[in-house]
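What follows is each chain in one-letter form.
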Amino acid sequence: MGIEYTVAIAEAAARKSGLPIALHLDHGSSFEVAMQCIRAGFSSVMFDGSHYSLEENIRLTKEVVRAAHAMGVSVEGELGTIGGVEDDISVDEEHAALAKPEEAIRFYEETGVDALAIAVGTAHGMYKGEPKIHYDIIQKVADAIPVPIVLHGGSGVPDEAIRQSIQAGVGKINVNTENQVACTNAIREVLSGDSKVYDPRKYLAPARNAMIEVVREKIRLFGSSNQA
Ligand code: 13P
């Protein structure tokens, strides 16, 4: 999208909504990318050092936290590797590794992150079967640290599993793919129903409405209505 456009759109939407909305960088890959986003106006960044060793992940995340906090920006870290495909980055099930609670607690204590994503069995993208979520890992970490546990790979997780994850201590849930699916299905429906359509507004408006519906349902499911 380009950083400037992203910030301008998010700022306009946040202002118009009157809600305390964060503009958050997901899976930032380096210190440099995180700093570029902060400089452009992001209010929150994720530094995903999960593919490094624990020691290196701690060291790099600490650097981002130090710089981000100096500028009043919050930081999400990640421990364990979350499987699936997102933005062409693919982690196969074999290399997806669950987070170890004691490492997650140490990671929080040493880095001072404001939110912590831990791999607990979900994956990016849609599931072939049902994900097996390790609620015990969520519970152990949530009981020991005061910041929100983040559940990535929220698309396609059954409602009951989402409720149980929240019960165990999840405080932030990422959903991307379900919005993409709703958007594309709406566009496909318009285009396949009328081959003469050429005005993008004719299919982008239904696409936007379809995504609004997904987001509305998630807000209700997560118990987030009127919580901003
Ligand atoms: P989904 O692909 O399941 O929507 O996950 C999105 C996500 O976790 C973004 O970081």
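Residues numbered from 1 in each chain as written. Predicted model: local features only at pLDDT ≥ 70, side-chain atom pairs only at ≥ 80, totals over all residues. Heavy atoms only, no water.

1. Quick word on the sheet that holds strand β1 (residues 24–28)
Strands pair in a sheet through their backbones, by hydrogen bonds, and they do so in one of two ways: parallel or antiparallel.
Point 1. Taken in spatial order, the six strands make up an open sheet running β1-β2-β3-β6-β8-β9, and their pairing is parallel. Edge positions in the open sheet fall to β1 and β9 (170–173), since each of these has one partner strand only. Strand after strand, the sheet turns through a mean of 25 degrees between neighbouring axes, direction not considered.
Point 2. For strand β6 (residues 115–118) and strand β8 (residues 149–151), the ladder comprises two bridges, and the chain directions are parallel. By the bridge assignment for β8, Leu116 is matched with Ile149.
Point 3. In the packing of helix α2 (residues 31–40) onto the sheet, contacts are made with β1 and β2 (44–47), and the angle to β2 comes to roughly 170 degrees.
Point 4. Against the sheet, helix α4 (residues 101–111) touches β3 (74–79) and β6, its axis set at about 155 degrees to β3. (Pairing = 2+ DSSP bridges. Helix = DSSP H or I, 4+ residues; strand = E, 2+ residues; numbered from the N terminus. Axes fitted to C-alpha atoms, helices over the stretch in contact; angles between N-to-C directions. Contact = heavy atoms within 4.5 Å.)

2. Looking at the site of the ligand
Point 1. Not every one of the 14 residues close to the ligand is listed here, only the nearest: Asp26, Gly153, Ser155, Asn176 and Thr177.
Point 2. Here an oxygen atom of the ligand sits 2.7 Å away from a polar atom, N or O, in the main chain of Gly153.
Point 3. In the model, an oxygen atom of the ligand is placed 2.6 Å from a nitrogen or oxygen of the Asn176 main chain.
Point 4. Here the ligand has 310 Å² of accessible area as a free molecule, and 98% of this is covered by the chains.
Point 5. Those elements that provide at least two residues to the shell around the ligand are β1 and β7 (123–124). (Near = heavy atom within 4 Å. Polar contact = N/O pair within 3.5 Å; in protein donor to acceptor, adjacent residues only side chain to side chain. Areas by Shrake-Rupley, 256 points an atom, 1.4 Å probe, with all protein chains shown as cover.)

3. What to know about the packing of helix α5 (residues 135–144) against helix α6 (residues 159–168)
Point 1. Two elements in contact, α5 and α6, have axes separated by 8 Å at closest approach and are oriented at 25 degrees. Judged on the interaxial angle alone, α6 and α5 are roughly parallel. In contact with Tyr135, Ile138, Gln139 and Ala142 of α5, α6 contributes Ala161, Gln164, Ser165 and Ala168.
Point 2. Of the residues assigned to the contact of α5 with α6, the class counts are five nonpolar, three polar and no charged. (Parallel < 35°, antiparallel > 145°, perpendicular 65-115°, else oblique. Nonpolar A, V, L, I, M, F, W, Y, C, P; charged D, E, K, R; others polar.)

4. Here's the deal with the packing of helix α7 (residues 177–193) against helix α8 (residues 200–221)
Point 1. Packing of α7 against α8 brings their axes to within 8 Å, and their N-to-C directions diverge by 145 degrees. Classified by chirality, the crossing of α8 by α7 is right-handed. Counted together, Glu178, Asn179, Ala182, Cys183, Ala186, Ile187, Val190 and Leu191 of α7 and Lys202, Tyr203, Leu204, Pro206, Ala207, Ala210, Met211, Val214, Val215 and Lys218 of α8 form the full contact between these two elements.
Point 2. Tallied by class, the residues present in the contact of α7 with α8 amount to 14 nonpolar, one polar and three charged. (Left-handed = near helix turned anticlockwise from the far one by under 90°.)

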